[in-house]
Every structure is written in C-alpha cells, then in structure tokens.
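Residues per chain are reported as follows:
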Amino acid sequence: MKENKLSKASISTNLKTKYIGQRIIYYPKLVSTMDTSLLKVRQRVPQGTVIVTSEQTGGRGRLKRVWLSPKGNLTLSIILYPHAKYLPALIMVASLAVVHCIRAITDLNAEIKWPNDVLINDKKVCGILIESGLLGNTVDYSIIGIGLNVNLKLHDIIKIKSSATSLSDELGEEVSLVDTAQCLLSNVESSYLALLAGEPIYEEWRDRLISLGHMVSITSGNIIYEGIAESVANDGSLLLRHPDGSTTKVVAGDVSQRF
Ligand code: BTN
C-alpha cells in the first residue's frame, strides 16, 4: 500500500487534475471542512480549492445530522463557483465520482441511494453534503463536502455499525488514504467537466440509483412521504407514487428504503 498519511504534499504529488485540488489546504484537525471552506470562499480562493483534514470534531451531515469523522477517514470539501444551471447536477457529479473512485481503488461495486448516499452491500460508505450560496439568481459558491469511510473500524462504533461500512471493513485490509483522495479528486473533476461539456451524467446517475421501484419513506423538512420511488428527473428530484395513486415530487430528503 502506498503512502497513507494525508498532507498537502502527499495529495499534490502526481495529482493528475487540471484545477480540482490544484490548491490543497490541509489541516490535521478541523471542526468541519464545510465551515473552513466558507471562510476560504470569503477570501475568493480559486475554483477547485480543496480543504482536507485528517479528523473533524464537528463534522456535519445532511438534515443537521452529525457526521462522525475520526482519523482514518477521508473528509474533504471542494470549492466551486458554478453557473446556477449546474447546481441540481452537483449531487450527481459528486456521487458518481465517489462510485467510480471506489471501483478504481478497491474494485468494489458501490451504489447510490437517492439523492446522494453511496452504499456498499446496502450499508452507507460515503455521505455527501452540498452547500451553496446564492446572490439573487446567481450562484456565489458551492461547497461539495465528501465524507468517505476509508479505514473506519465500524465494529467499534455501536451507533452506526449496523447501517454503515468502510472500504477497509469491506476489503479486510487498510486502503491508502492518499490514493483514495487523489482518485476522488480526479473523478470529481472528470464528472464535473463532463457536466460542463453537456455529457449525459444524469442517465448514469439514474441507472445507478438503488431506490427506484422500491417502497421508500422520505423525510423532507418536517414531512414524511411514503410511496414507491417511481422515477427521477434530470434536476435530481424524485417522483414518489403514493398508495392512493397520487404523486409527490420531492426535491431533497432523506430516504429510508424498504425492499
Ligand atoms: C450525510 O450523509 O449526511 C452527508 C455527510 C457529509 C460529511 C462530509 S465530511 C466532509 C464535509 N465536512 C462536513 O462537516 N461534512 C462533510
């Protein structure tokens, strides 16, 4: 296994990207890479700047959840300044990049649970949080936060061990954090460039969703919707068909799936 210690130098050396990760800001420990990214956005750091840390003390998940980020995991945020028309597709860019990276690094098959959780064998291996700032109708910034369970030993974490997994738990051996970080950044860049070039990333994202055709229950704000996840639109929204035949379009939410 190659270098396992994250640093600006280890990630930058031989990183094959044009702009994602061309500026890496590494911290041994942070509260949250999302908060630090926001401070960097205020300084107008270049697009593609990556904030990465070995440990978060206040990692944030979607729907105000806590994201456990002990050492051994990959936790980073990527700063972009996209056009508003690309905003809905960023969840697709990020989740496809993670799936491709996992396949390249481990040969494991990962799947996407709507909208952007990445699972291996039905357990969550990666969470993605995208926070964007708007100025009127234009996007001021988007921060893509990715938390990938690389070398987490789930056996020791009672709270999430039944629903989460890590690359090392799946493989039975540790995985290089540096290789994983580089591979992830390359894949985010290629998925993002594909989006900008008008390539059909929506189709691949849709085809990799495990939620479609299944009975799901979705928490969106204070509302819980139940029904069959019928289809997704190219803006990322999910069409849910209820038992009485009516439908709801859900823009973002948290899905629990019943097979
Ligand atoms: C989720 O599944 O709820 C999303 C989890 C996102 C976690 C990542 S780790 C890097 C970045 N920093 C954070 O505080 N959160 C995101």
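Residues numbered from 1 in each chain as written. Predicted model: local features only at pLDDT ≥ 70, side-chain atom pairs only at ≥ 80, totals over all residues. Heavy atoms only, no water.

**Student:** Help me understand the sheet that holds strand 6 (residues 123–135) in this model?
**Tutor:** Backbone-to-backbone hydrogen bonds pair the strands of a sheet. The strands run either parallel or antiparallel. Strand order in this open sheet of 7 strands is 1-2-3-7-6-5-4, and the pairing throughout is mixed. Each of the sheet's edge strands pairs with one partner strand only, and the pair in question is strand 1 (24–27) and strand 4 (111–113). Strand-to-strand twist in this sheet, taken as the mean axis angle between neighbours without regard to direction, amounts to 20°. Note that strand 5 (residues 117–120) and strand 6 share 3 bridges and pair antiparallel. When the bridges of strand 6 are listed, I120 appears paired with K123. Here helix 5 (residues 177–196) sits on the sheet and contacts strand 1, strand 2 (50–53), strand 3 (74–80) and strand 7 (138–148); the angle it forms with strand 3, its principal contact strand, is near 30°. (Pairing = 2+ DSSP bridges. Helix = DSSP H or I, 4+ residues; strand = E, 2+ residues; numbered from the N terminus. Axes fitted to C-alpha atoms, helices over the stretch in contact; angles between N-to-C directions. Contact = heavy atoms within 4.5 Å.)

**Student:** What is the right way to read the site of the ligand from this model?
**Tutor:** Close to the ligand lie 20 residues, the nearest being S32, Q56, R60, R62 and K124. Residue R60 places a main-chain N or O atom 2.7 Å away from a nitrogen atom belonging to the ligand. Here R62 contributes a backbone N or O atom positioned 2.6 Å from an oxygen atom of the ligand. Alone, the ligand offers 410 Å² of accessible surface; in the complex the protein occludes 98% of this. Mapped by element, the contributors of at least two residues to the shell around the ligand are helix 2 (33–42), strand 3, strand 6 and strand 7. (Near = heavy atom within 4 Å. Polar contact = N/O pair within 3.5 Å; in protein donor to acceptor, adjacent residues only side chain to side chain. Areas by Shrake-Rupley, 256 points an atom, 1.4 Å probe, with all protein chains shown as cover.)

**Student:** Would you take a moment to explain the state of the cysteines for this structure?
**Tutor:** A disulfide bridge is the covalent bond that connects two cysteines by way of their sulfur atoms. For the coordinates displayed, the defined rule picks out 0 disulfides. No disulfide involves C126; its nearest neighbouring cysteine sulfur is the one of C101, lying 8.9 Å away. Accessibility expressed as a relative area gives 0% for C126, which makes it buried. We note that C183 lacks a disulfide partner, and the nearest cysteine sulfur, in C101, lies 3.5 Å from it. Taking relative accessible area as the criterion, C183 reaches 14% and is therefore assigned buried. (Disulfide = S-S within 2.5 Å. Buried < 20%, exposed > 50% of the residue type's maximum accessible area, 1.4 Å probe, protein only.)

**Student:** I keep staring at the packing of helix 3 (residues 90–106) against helix 6 (residues 201–208) and nothing clicks. Help me out?
**Tutor:** Close contact between helix 3 and helix 6 brings their axes to 10 Å; oriented N to C, the two are set at 65°. In this structure, the crossing between helix 3 and helix 6 has a hand that is left-handed. Of the residues in helix 6, those touching helix 3 at I91, M92, V93, S95, L96, V99 and H100 are I201, Y202, E204, W205 and R208. Tallied by class, the residues present in the contact of helix 3 with helix 6 amount to 8 nonpolar, 2 polar and 2 charged. (Left-handed = near helix turned anticlockwise from the far one by under 90°. Nonpolar A, V, L, I, M, F, W, Y, C, P; charged D, E, K, R; others polar.)

**Student:** Honestly, the nonpolar core in this entry has me stumped. Any pointers?
**Tutor:** Generally speaking, a soluble globular protein has its nonpolar side chains buried in company with each other. Counting residues in hydrophobic clusters, the biggest one holds 60 residues, and the most contacted among them are L74, I102 and W205. The dominant element in this core, judged by the number of residues it contributes, is helix 3, at 11 residues. Filtering out sequence-adjacent residues up to four positions away, I102 remains in contact with D107, L108, A110, V118, I120, V125, L148 and L167. Within the second largest apolar cluster, 10 residues are counted, among which are L30, V41, L129 and Y141. (Core = buried A, V, L, I, M, F, W, Y, C linked by side-chain atoms within 4.5 Å.)

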